[in-house]
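Descriptive analysis of the structure
Residues per chain are reported as follows:
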Amino acid sequence: MSATLDAPRKLVGQPLKRREDPRLITGAAGFLDDVKLPGMTHAGVLRSTVGHARIRSIDKSRATAMPGVIAVYTGQDFLDLNPLPCAWQAGKVQNNVNTPRVLAVDEVHHVGDPVAVVVAETPYQAADAVEAMAVDYEELPVVVDAKRATEEGAPQLHENAPNNVVLQWTCGKDASEVDAALAASPVRLDQHIVNQRLIPTPMETRGAIGRYDPGTGDYTLWATSQAPHVMRLLITAFVMGIPENKLRVIAPDVGGGFGAKIFLYYDMPLTLALSKKLGGRPVKFVEDRSENYLSTTHGRDHVTDVQIGATEDGHITALKVKTYANLGGYLSTIAPGIPTTLYGRMVAGCYKIPNIHVDVTGVYTNTSMVDAYRGAGRPEAAYLIERVCDLVADATGVDPADVRRRNFIQPDDFPFDTGIGMLPYDSGDYEPALNRALEIVGYEDLKQEQARRRVGGENRLIGFGLSSYVEVCGVAPSKWIGLPGEGWGAGLWESANVRVHLTGKVVVTTGTLPHGQGHETSFAQLVADELGVPYEDIEIRHSDTQGTPFGFGTYGSRSASVGGTAIFKSVAKVREKAKKLAAHMLEAAEEDIVWENGRAYVKGSPDAAKTIGEIALQASVAYDLPEGMEPYLDETTYYDPPNCTFPFGTHVCVVEVDQDTGQVELNRYVAVDDVGNVINPLIVDGQIHGGIAQGLAQALYEGAVYSDDGELITGTMNDYAIPKATMVPIYELERTVTPSPTNPMGVKGAGEAGTIASTPAVANAVIDAVSHLGIRHLDMPLTPEKLWRAMRMAQA
Amino acid sequence: MFPSQFDYYRPSSIAEAVGLLGANPDAKILAGGHSLLPAMKLRLAAPGALVDLGRIQELRGIRVNGGVTLGAMTTYEEIQDSAEVRQRVPMLAEAAGTVGDPQVRARGTLGGSLAHSDPAADLTAVFLALGGEVAAVGSGGERTISADDLFVDLLTTSLQPDEVITQIRFPVNGGTAMAYEKQEHPASGYAIVGVAAVLQLGDGNVCQSARLAVTGCTSKATRLSSAEAALVGQPLNDERIMQAAQGAAEGLEINGDLYASEEYRRHLVTVMTRRVLQRALSTGTN
């Protein structure tokens, strides 16, 4: 051990470069499509080309006879597999559940719905055979718009869902009470707001490899998954009806997920079942990009009418929200929870609003399934309330920053209950982040510049937009989110095992897993500090149900605050045991042992210290342990958080709008975030950067569009615009730090904050640029033509 | 994204390529592949064979000979980086730099772009405005096709199925001002509307000749003849430019889609024409 008397070097808080990056950026990583198994076969999926139809017949004769084709199956061949489960149904209300089977039987409900599968020796042969198949469809009427789907005369998708309603859910005060508050408000505003459908577009598409071992009856699944343990549970207990211990699920390196890889998809049980049918030959299925766009989940897609009450000085007195949430042709794994718990209960944002009523109707339409996408409900809520703030500012003449300040929950209000069924916000101090963001951007100068250009009649207008956001992370206390409460069909605790091997090397296993977040670095920093072992000696293991304790996976910005706490607590247990053993080794009382920087010594005698390595060796060989102590330093924790965490901050965006063309240019982007204590600032900055890019893309570029007959018009990356490096500005980031009291590290979570904050900041900026023309609101994406038309109409 | 089965040929000479095209009637020429291969992967195109021109040395290189002559397989990146092109035909280098992204520019070729005649390509309009010509070789020998005669319709040129573009030639004249302006699609980078302008200027900025071409909104790169007529013989000032731009979209059959309507694109033709003329003038003549 080197330099043992040096002051401990704290790694938590250091911007260490990610230890996983060399392998990820040099092609040394192993993604799903890199997995090649002996005897592996390739599956190709035939998909519905129509939005809604009965399947009269499927002709597989040509495909079956094609070179390399091993087998062709349709939905009829998998009637022994149950439909995929919907694991999060909205709490305390009826959910009219319809979930997909591995392949459609009798009816298809959206373009891209899988109807048959070909297994062939090569993916090329599988694709050729898919093309050679023909389906005879009896086409049925199609509906793609959520509100329209609930109206009289709309096509009906599922027998058990009259008017295509999945769920009808409310939160907050009674509607009549909020109506009265609205009526009593001096300022009254109504706004129709569309939060358009998005396609998550991770760099790696989705897929699965299933392998059945006829000798043991065991199955192995490799899948692009954010939650392998949950997949194992759902596939075995709910779909296949086999014992959970007969399936091992491995998530190889996962190339981005953004939520879309949380869920159970058809291809996971399908490849397993196919492998069994083929006597154990592994079956690989990897989506191409077109398939990813058609049949991996989409995000957002809300249509909302909001009624706003306010005072003349900008205090928001009442909000009445009616939202139609388009959930697609079937329910995806956790779809009903997104527009209810994660959206409805967050619409208060960072404000004290005394009267809120939220009414959400979840709806089936002939479109791809909609489920969690980076932020999942909170972006929709933040967009709504941040547009509301600007609408109130506009109507009252109060500065948008002051509207926010006047309504902010104050620092001594925490823990704060917004009154709409969310857990109490843990901690916060909203105004310093707002003030700092305005200071960085030069708010007063911007106002002058804006006025100057307007008066001078310049072609390029300037606009700036604020977004003060709060979100809920670190999901979640099982008792609150579970079946008796919010309807989540399991717990949401997290696990970690910490093991110190004989040589003093440490292996940590966690139920969370990275798909780009840098767990292997952040968690090693945490363990290095808490246990006092060198960073290099710590290995973080994850992503395989064999060898890791059950965990719920990575989403909802929960890995650090929930998974990290499980690690933190396991380390503490290891440390306590090590101290006991050190006391024994040093022949001292345990209370006289000092633990410092990975060494234990008797108070006053730091020179005669035992290192963690020496203690681990003693614990492992077990020649001389205290009475009753078990060998080995090996501790597991199952940690159920007492609350969620609530990161916040203010983002400010400055745009220029070209009046001739409607083109928007992003001039500046300032983000002051508070994600609590920070383990690795470089990783947090990276998360914020990526998040902002995804959020600003919703404001300006992205939007999935279906034709009236159910075709996805934006079905390729030639039409669906994800942001490129040249389309985003240089980000100016700062942080305030308000530790979370929810967990011992004081962390809040940073994975989704950027996305949640940036969409309203950019939209508010663009609308601000043209507000002098009398434009109050525009729906996203704010494309050049949309702006050009709006300006032209306003000036006509 | 798996294309249908196809045969692959890699000729080492133009003659060999022409022979292969004659022998394989359902063959397509593979140049940079950045339009053809995506279409094949989406199974929108399923040629029985590809004839890859990538190893034919005589199709490469940039030569100065009064004008500028480029081998058909010259990439956008080579054009963008070429000092000769930047000096003599600056708009060509500039426009090449706006195509797609660095990966596309490293592979995509000028010859491929012209032969494909994509309605939203950049260099089709640039080629047309510059009044270039292509040399093409087929079973009937070599011939020259002028810019005005190359583009026939959507994805259609006057090339015969067994003809290969070998060279693209651009004239270089003194007293010429030129520029290219486009508004691009945020996903594809293709032009929503792009306008290329080449002006021959005399004393007092009197416009002696004008060639303007539009891309992105018409079925093929198309001359803006009303705007040209409004400019020729006139001293070019702001007022004249505004007037030419106002009428620029006259007579054009303009396409619309989900992202940009016909009406909006018609408006953009005016805006881009004004901007390209202003910029050509402010950049000055060579």
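What counts and how
- Residues numbered from 1 in each chain as written.
- Chains lettered and ligands numbered in written order.
- Predicted model: local features only at pLDDT ≥ 70, side-chain atom pairs only at ≥ 80, totals over all residues.
- Heavy atoms only, no water.
- Helix = DSSP H or I, 4+ residues; strand = E, 2+ residues; numbered from the N terminus.
- Rg over C-alpha atoms; globule rule 2.2 N^0.38 Å.
- Buried < 20%, exposed > 50% of the residue type's maximum accessible area, 1.4 Å probe, protein only.
- Pairing = 2+ DSSP bridges.
- Axes fitted to C-alpha atoms, helices over the stretch in contact; angles between N-to-C directions.
- Parallel < 35°, antiparallel > 145°, perpendicular 65-115°, else oblique.
- Left-handed = near helix turned anticlockwise from the far one by under 90°.
- Contact = heavy atoms within 4.5 Å.
- Salt bridge = Lys/Arg side-chain N within 4 Å of Asp/Glu carboxyl O.
- Polar contact = N/O pair within 3.5 Å; in protein donor to acceptor, adjacent residues only side chain to side chain.
- Nonpolar A, V, L, I, M, F, W, Y, C, P; charged D, E, K, R; others polar.
- pLDDT = per-residue confidence, 0-100.
- Core = buried A, V, L, I, M, F, W, Y, C linked by side-chain atoms within 4.5 Å.
- Phe/Tyr/Trp six-rings, centres within 6.5 Å; stacked < 30°, edge-to-face > 60°.

Considerations on the overall build of chain A
The helix and strand inventory of chain A stands at 19 helices and 26 strands. For 796 residues, the compact-globule estimate of 2.2 N^0.38 gives 28 Å, and chain A sits close to it at 28 Å. Dimensions of chain A, computed from the C-alpha atoms along their principal axes, are close to 90 × 70 × 50 Å. Expressed as a percentage of its 796 residues, the buried residues of chain A come to 65%.

Side note on the pairing of strand 14 (residues 316-328) of chain A
Residues and elements named next belong to chain A. Among the 13 residues of strand 14, twelve are classified as buried, and the element is accordingly described as predominantly covered. Pairing analysis gives nine bridges linking strand 13 (residues 299-310) to strand 14, with the strands arranged antiparallel. By the bridge assignment for strand 14, histidine 302 is matched with alanine 325. In textbook terms, the turn of a hairpin is the stretch between consecutive antiparallel strands, and for strand 13 and strand 14 this stretch comprises five residues, one of which, glycine 314, has a positive phi near 90°. Examined bridge by bridge, strand 14 and strand 15 (residues 355-364) share ten bridges and lie parallel to one another. Paired with lysine 320 across the bridge in strand 15 is histidine 357.

Concerning the packing of helix 6 (residues 228-240) of chain A against helix 7 (residues 267-277) of chain A
All names here are of chain A. Put simply, helix 6 and helix 7 touch, their axes get as near as 10 Å, and they point 65° apart. Between helix 6 and helix 7, the angle falls in the class roughly perpendicular. Remark: the crossing between helix 6 and helix 7 carries right-handed chirality. Across the interface between the two elements, Met231, Ile235, Val239 and Met240 from helix 6 touch Met268, Pro269, Leu272 and Ala273 from helix 7.

Here we look at the pattern of salt bridges
Evaluated as defined, the whole model comprises 71 salt bridges over all chains. The closest approach of N and O atoms between Arg792(A) and Glu263(B), which form a salt bridge, is 2.9 Å. With Arg792(A) in helix 19 (residues 784-795) and Glu263(B) in helix 12 (residues 262-283), this pair bridges two chains. For Arg792(A), a relative accessible area of 38% puts it in the partly exposed group. Owing to a relative accessible area of 34%, Glu263(B) belongs among the partly exposed residues under this scheme. Bridged by salt links that share partners, the residues Glu449(A), Arg452(A), Arg453(A), Glu458(A), Arg460(A), Glu656(A), Asp658(A), Asp660(A), Glu665(A), Arg274(B) and Arg275(B) form one connected network.

Here's the deal with the interface of chain B and chain A
The interface of chain B with chain A comprises 24 residues on the first partner and 30 residues on the second. If you look at where chain B meets chain A, you find seven salt bridges. Asp128(A) is the salt-bridge partner of Arg43(B), the closest N and O atoms lying 2.7 Å from each other. Across the chain B-chain A interface, the total number found is 16 residue pairs in polar contact (both at pLDDT 80 or more). Taken together, the residues that form the side of chain B that touches chain A break down as 13 nonpolar, seven polar and four charged.

Considering the environment of Met66(A)
Residues and elements named next belong to chain A. As for its position among the elements, methionine 66 is in the loop between helix 2 (61-64) and strand 3 (69-74). Given a relative accessible area of 23%, methionine 66 falls into the partly exposed group. The sequence separation of methionine 66 and alanine 129 amounts to 63 residues, and the corresponding C-alpha distance is 6.5 Å. The residues contacting methionine 66, other than those within four sequence positions of it, are Asp128, Ala129 and Ala132.

Some words on the confidence of the model for chain B
Of all residues in chain B, 100% attain a pLDDT of 70 or more, and the chain-wide mean is 96. Both scores are given for the predicted complex: the pTM is 0.97, the ipTM 0.96.

Details of the sheet that holds strand 4 (residues 62-65) of chain B
Residues and elements named next belong to chain B. Overall, antiparallel pairing links the five strands, which are arranged 4-5-10-6-7 in an open sheet. Since the sheet does not close on itself, it has two edges, and those belong to strand 4 and strand 7 (141-146), each with one partner. When strand polarity is set aside, the average angle formed by the axes of neighbouring strands in this sheet is 25°. Strand direction decides the pairing type here: strand 6 (residues 133-138) and strand 10 (residues 164-170), joined by five bridges, are antiparallel. Paired with valine 137 across the strands is valine 164, a residue of strand 10. Its contacts with the sheet put helix 1 (residues 14-23) on strand 6 and strand 10, and the angle it makes with strand 10 is roughly 130°.

A short note on the sheet that holds strand 3 (residues 49-52) of chain B
As a general point, the strands of a sheet are linked pairwise by backbone hydrogen bonds and lie either parallel or antiparallel. All names here are of chain B. Strand order across the open sheet formed by three strands is 1-3-2, with parallel pairing between neighbours. Looking at which strands have only one partner, the edges of the open sheet turn out to be strand 1 (7-9) and strand 2 (27-30). In this sheet, adjacent strand axes meet at a mean angle of 25° when their direction is disregarded. Sheet topology note: the strand 1/strand 3 ladder contains three bridges and is parallel. Directly across from tyrosine 8, in strand 3, lies its bridge partner leucine 50.

So, the nonpolar core
Residues and elements named next belong to chain A. Formed by 177 residues in total, the largest nonpolar core has its most connected members in Phe78 and Tyr425. Once residues lying within four places of it in the same chain are set aside, the contact partners of phenylalanine 78 are Tyr73, Arg101, Val102, Leu103, Val117, Leu270, Ala273, Leu274 and Lys277. Counting residues in each nonpolar core, the second largest holds 43 residues, with Leu581, Ala582, Ala616 and Ile679 among its members.

Side note on unusual backbone geometry
All names here are of chain A. The linkage connecting phenylalanine 414 with the following residue, proline 415, adopts the cis geometry, with an omega of -5°. Structurally, proline 415 can be placed in the loop between helix 10 (400-407) and helix 11 (430-441). The peptide bond linking methionine 780 to proline 781 adopts the cis configuration, its omega dihedral lying at -5°. Its location among the elements puts proline 781 in the loop between helix 18 (753-769) and helix 19. Of note, aspartate 106 is a non-glycine position whose phi angle comes to about 70°, a positive value. You can see aspartate 106 is positioned in the loop between strand 3 and strand 4 (107-108). If you check the backbone angles, asparagine 164 has positive phi at about 65° while not being a glycine. Looking at where asparagine 164 falls in the secondary structure, it is placed in the loop between helix 4 (146-149) and strand 7 (165-172).

Concerning the side chain of His651(A)
Within the secondary structure layout, His651(A) lies in strand 24 (residues 648-658). A polar contact is formed between the side chain of His651(A) and the side chain of Tyr669(A), at a distance of 2.8 Å.

Some words on the confidence of the model for chain A
Across chain A, pLDDT averages 97, with 99% of residues at or above 70. Segment residues 1-7 of chain A is flagged for pLDDT under 50; beyond a separation of four residues in sequence, or across chains, it makes six contacts in the model.

Re the packing of aromatic side chains
Inspection of every chain in the model, using the stated rule, returns 22 aromatic pairs over all chains. Relative to Tyr720(A), the ring of Tyr293(A) lies with its centre 5.6 Å away and its plane at 80°, an arrangement referred to as edge-to-face. One end of the pair, Tyr293(A), is in helix 8 (residues 289-295); the other, Tyr720(A), is in the loop between helix 17 (681-700) and strand 26 (731-735), and 427 residues separate them in sequence. Tyr720(A) matches Tyr293(A) in its accessibility class, with the two residues each being buried. Where Phe127(B) meets Phe170(B), the ring centres are 6.0 Å apart and the plane angle is 85°; that geometry is what we call edge-to-face. Placement of the pair is Phe127(B) in helix 8 (residues 123-130) and Phe170(B) in strand 10, with a sequence separation of 43 residues.

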